[in-house]
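# Architecture at a glance
Listed below, chain by chain, are the residues.
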Amino acid sequence: MARKPVLEGGKQDELLASARKVFMERGYDAASVRTITQACGCEVGLFYYYFKNKEQLFEQVFQQLLDELDARFAPLVELAQRAPCRALPACAETLLGLMEQSPLPNTAQLHWSVAAALQERACAAMERRMNELLAALAQCGVRSVLSAPMAASCIARGLGGAALSGTADAGEWNKAF
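Now for a description of the structure that goes with this document. (Residues numbered from 1 in each chain as written. Predicted model: local features only at pLDDT ≥ 70, side-chain atom pairs only at ≥ 80, totals over all residues. Heavy atoms only, no water.)

Another aspect to go through is helix 2 (residues 33-40). Of the residues making up helix 2, those classed as buried are Val 33, Thr 35, Ile 36, Thr 37 and Cys 40. Contacts from the buried residues of helix 2 go to helix 1 (11-26), helix 3 (44-50) and helix 4 (54-82). Taken from the residues just after helix 2, Gly 41 is the one with a positive phi, measuring 80°. (Buried < 20%, exposed > 50% of the residue type's maximum accessible area, 1.4 Å probe, protein only. Helix = DSSP H or I, 4+ residues; strand = E, 2+ residues; numbered from the N terminus. Contact = heavy atoms within 4.5 Å.)

Set out below in structure tokens:
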């Protein structure tokens, strides 16, 4: 018998929201399917209607987080085109916001390889937006000693990586900017 098509929205969105909360609080390993379904107020069978396994659910939750991260940086590219002088301070404010509230799950409770993979994907997403931002600034006449891709990589993986990892001190950043 063929499987029914999976519907979008509704309980699936509720499961994603519950999973995100549980992953943030407990980390991947300590988050069980049962814990997630209990937080959602549904049965385990419904979980398997929407998701193949916990890994697939985690991947979807993480993709939502990457989309949110991308949405934080997307307006900076537009700002760089309209008001280049305001783009870099706005970028610093965005990175400060990440330090205060990282969108990534509690990486301290994740296996180091999973935490590193999450960090890498988040930095790669930020690097793409930083490259767009710096290209927009270059079109406005702003020049750098580094190429735009190199500068984007340095910003995303250096400053962005520190902001996402929770190892940076927002107070130090406030002094710098």
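Quick look at the side chain of Thr 94 now. Residue position: Thr 94 is located in helix 5 (residues 84-100). Those residues within four positions of Thr 94 in sequence are excluded, and the remaining contacts are Arg 72, Phe 73 and Leu 76.

Now for the pattern of salt bridges. Under the defined criterion, the tally for this structure stands at 11 salt bridges. Between Lys 11 and Glu 14 there is a salt bridge whose closest N-O contact spans 3.0 Å. Of this pair, Lys 11 and Glu 14 both sit in helix 1, separated by three residues, roughly a single helical turn. Among the charged side chains, a network of salt bridges with common partners joins Asp 70, Arg 128, Arg 129 and Glu 132. (Salt bridge = Lys/Arg side-chain N within 4 Å of Asp/Glu carboxyl O.)

Glancing now at the nonpolar core. Leu 15, Phe 23, Ile 36, Leu 57, Phe 73, Met 130 and Leu 133 are the most contacted members of the largest nonpolar core, which totals 46 residues. Going through the elements one at a time, helix 1, helix 2, helix 3, helix 4, helix 5, helix 6 (112-139) and helix 7 (148-165) are the ones with two or more residues in this core. The element that contributes the greatest number of residues to this core is helix 4, accounting for 12 residues. In this structure Leu 133 touches Leu 76, Val 77, Ala 80, Ala 87, Leu 88 and Cys 91, once residues within four positions along its chain are discounted. (Core = buried A, V, L, I, M, F, W, Y, C linked by side-chain atoms within 4.5 Å.)

Glancing now at a nonpolar patch on the surface. A cluster of nonpolar residues, Val 145, Leu 146 and Met 150, forms a patch on the protein surface that exposes about 320 Å² of accessible area. Inspection of the secondary structure puts Leu 146 in the loop between helix 6 and helix 7. Leu 146 gets classed as partly exposed once you look at its relative accessible area, which sits at 39%. (Patch = residues over 30% accessible without salt bridge, like charges linked within 9 Å, V, L, I, M, F, W, Y side chains within 5 Å. Areas by Shrake-Rupley, 256 points an atom, 1.4 Å probe, with all protein chains shown as cover.)

If you trace the backbone, Thr 37 turns up in helix 2. Setting aside residues no more than four positions away along its own chain, Thr 37 makes contact with Leu 15, Cys 42, Glu 43, Val 44 and Phe 47.

This part covers the packing of aromatic side chains. Counted according to the given criterion, the structure contains seven aromatic pairs. Relative to Phe 58, the ring of Phe 23 has its centre 4.9 Å away and its plane inclined at 90°; by these criteria the two rings are edge-to-face. Here Phe 23 is found in helix 1, whereas its partner Phe 58 is found in helix 4, with 35 residues between them in sequence. Taken individually, Phe 23 and Phe 58 each receive the classification buried, so the pair is uniform in this respect. Members of the aromatic cluster, joined through ring pairs, are Phe 47, Tyr 48, Tyr 49, Tyr 50 and Phe 51. (Phe/Tyr/Trp six-rings, centres within 6.5 Å; stacked < 30°, edge-to-face > 60°.)

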